[in-house]
Amino acid sequence: MRIIALAFLLGMAGMTEAAQMPLSVILPGGAVVYKPIQSIRERKFADLVQQKTDFSCGAAALATVLRQAYWLDVNEEQIIEGMLAQSDQDLVRVQGFSMLDMKRYVESIGMRARGYRVAPETLSEVKIPVVVLLDIRGYKHFVVMQRVHDGWVYIGDPVLGHKRFKVEDFVKGWNGIIFAVIGQGYDKNNALLDPPVPLTAKNRINAFSPVRDADLMDFGFIKSDFF
């Protein structure tokens, strides 16, 4: 019993410290079960590139699309350097990068990029991950629009991770333009098209319920262990 409890606690600690750390549990009879676990932070940013500077949301969002949809080995730092080489650096320091800066970078690596104005009612027809610009309380922020499904817009945010908004809430802060990367090697089954449901206690709270004594006994616990 103590061995099982110790294994569980060690596994829980691993969730906050390490990524994909396996949880091992010794079952009655000596059998050992290994289960890979994922930290909350890793789940939150699965398949996304996190931005590391205040002005690099565009670089991180673009890196996410290039890495996941086109399998290009690029990172945020490389894209920042590439965009700075072709932009007004003083303007970038004040306003951050623009879609034009991203377009120039994409073209510099032999691909195409286009900005398209899309009506809110046709958002669900966008079938590829794209970069969009949101106005969040006056703060301009680039994110990846991964998919639109069943009235929800799924977002890969370089700062906040996976999120989703109702379409009507999304369009309130969106400028109506999508930035699409076009080139060879596009993966039609890329991970961005199947984003995880964002973690939220509100959606999970009703799933928690007390474990009955009978259920515990099925796993080898005895009544003396309950005190």
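Everything below is about the structure printed above this text.
Just so we're clear, the structure is a prediction, and the values are computed from it rather than from any experiment. (Residues numbered from 1 in each chain as written. Predicted model: local features only at pLDDT ≥ 70, side-chain atom pairs only at ≥ 80, totals over all residues. Heavy atoms only, no water.)

Draft legend 1. View of the packing of helix 3 (residues 57-70) against helix 6 (residues 99-108). Relative orientation of the contacting elements helix 3 and helix 6 amounts to 40 degrees, with a least axis distance of 11 Å. Here helix 3 is positioned oblique relative to helix 6, judged by the angle of their axes. The two elements helix 3 and helix 6 meet at a crossing, and its hand is right-handed. Residues Gly58, Leu62 and Leu66 of helix 3 lie in contact with helix 6, whose contacting residues are Met102, Tyr105 and Val106. Tallied by class, residues from the contact of helix 3 with helix 6 come to 5 nonpolar, 1 polar and no charged. (Axes fitted to C-alpha atoms, helices over the stretch in contact; angles between N-to-C directions. Helix = DSSP H or I, 4+ residues; strand = E, 2+ residues; numbered from the N terminus. Parallel < 35°, antiparallel > 145°, perpendicular 65-115°, else oblique. Left-handed = near helix turned anticlockwise from the far one by under 90°. Contact = heavy atoms within 4.5 Å. Nonpolar A, V, L, I, M, F, W, Y, C, P; charged D, E, K, R; others polar.)

Draft legend 2. The arrangement of the environment of Gly173 in detail. Tracing the backbone through its elements, the reader meets Gly173 in helix 7 (residues 167-173). Each C-alpha atom of the pair Gly173 and Lys140 lies 9.3 Å from the other, and the pair is 33 residues apart in sequence. Once residues lying within four places of it in the same chain are set aside, the contact partners of Gly173 are Leu133, Leu134 and Asp135.

Draft legend 3. Region of interest: the nonpolar core. Residues Leu62, Leu66, Ile79, Met102, Phe142, Phe179 and Val181 are the most contacted members of the largest nonpolar core, which totals 31 residues. Mapped by element, the contributors of at least two residues to this core are helix 3, helix 4 (76-84), helix 6, strand 4 (130-136), strand 5 (139-149) and strand 8 (174-182). Counting residues per element, this core draws most heavily on helix 3, which supplies 10 residues. Not counting chain neighbours up to four residues away, the residues in contact with Val181 comprise Leu62, Val65, Leu66, Tyr70, Val106, Met111 and Arg112. If you look at the next biggest cluster of nonpolar residues, it comprises 16 residues, including Val130, Met145, Ile155 and Trp174. (Core = buried A, V, L, I, M, F, W, Y, C linked by side-chain atoms within 4.5 Å. Buried < 20%, exposed > 50% of the residue type's maximum accessible area, 1.4 Å probe, protein only.)

Draft legend 4. The arrangement of helix 6 in detail. If you check which residues of helix 6 are buried, you get Met99, Asp101, Met102, Tyr105 and Val106. Projected onto a plane normal to the axis of helix 6, the buried residues spread over an arc of 155 degrees and lie on a single side. One or two residues past the end of helix 6 sits Gly110, with phi positive at roughly 85 degrees. (Arc of directions from axis to C-beta.)

Draft legend 5. Summary view of unusual backbone geometry. Although it is not a glycine, Asp47 adopts a positive phi angle of roughly 70 degrees. With respect to the helices and strands, Asp47 occurs in the loop between helix 2 (40-44) and helix 3. Positive phi outside glycine occurs at Trp71, with the angle close to 55 degrees. Tracing the sequence through the fold places Trp71 in the loop between helix 3 and helix 4.

Draft legend 6. Looking closely at the sheet that holds strand 6 (residues 152-157). Within the open sheet, the 6 strands sit side by side as 3-8-4-5-6-7. Their pairing is antiparallel. Each edge of the sheet is formed by a strand with only one pairing partner; in this case those strands are strand 3 (112-117) and strand 7 (161-166). Shown here is a sheet whose adjacent strand axes are inclined to one another by a mean of 35 degrees, direction ignored. Seen against the sheet, helix 3 touches strand 4, strand 5 and strand 8 and runs at an angle of roughly 25 degrees to strand 5. Its contacts with the sheet put helix 6 on strand 3, strand 4, strand 5 and strand 8, and the angle it makes with strand 8 is roughly 5 degrees. (Pairing = 2+ DSSP bridges.)

Draft legend 7. Up close: the pattern of salt bridges. If you walk through the whole model with that rule in mind, you get 5 salt bridges. Put simply, Glu107 and Lys103 hold a salt bridge, and the shortest N to O gap is 2.6 Å. In this pair, Glu107 and Lys103 are both assigned in helix 6, 4 residues apart and thus about one turn of the helix distant. With its nearest N and O atoms 3.0 Å apart, the salt bridge here joins Asp135 to Lys140. (Salt bridge = Lys/Arg side-chain N within 4 Å of Asp/Glu carboxyl O.)

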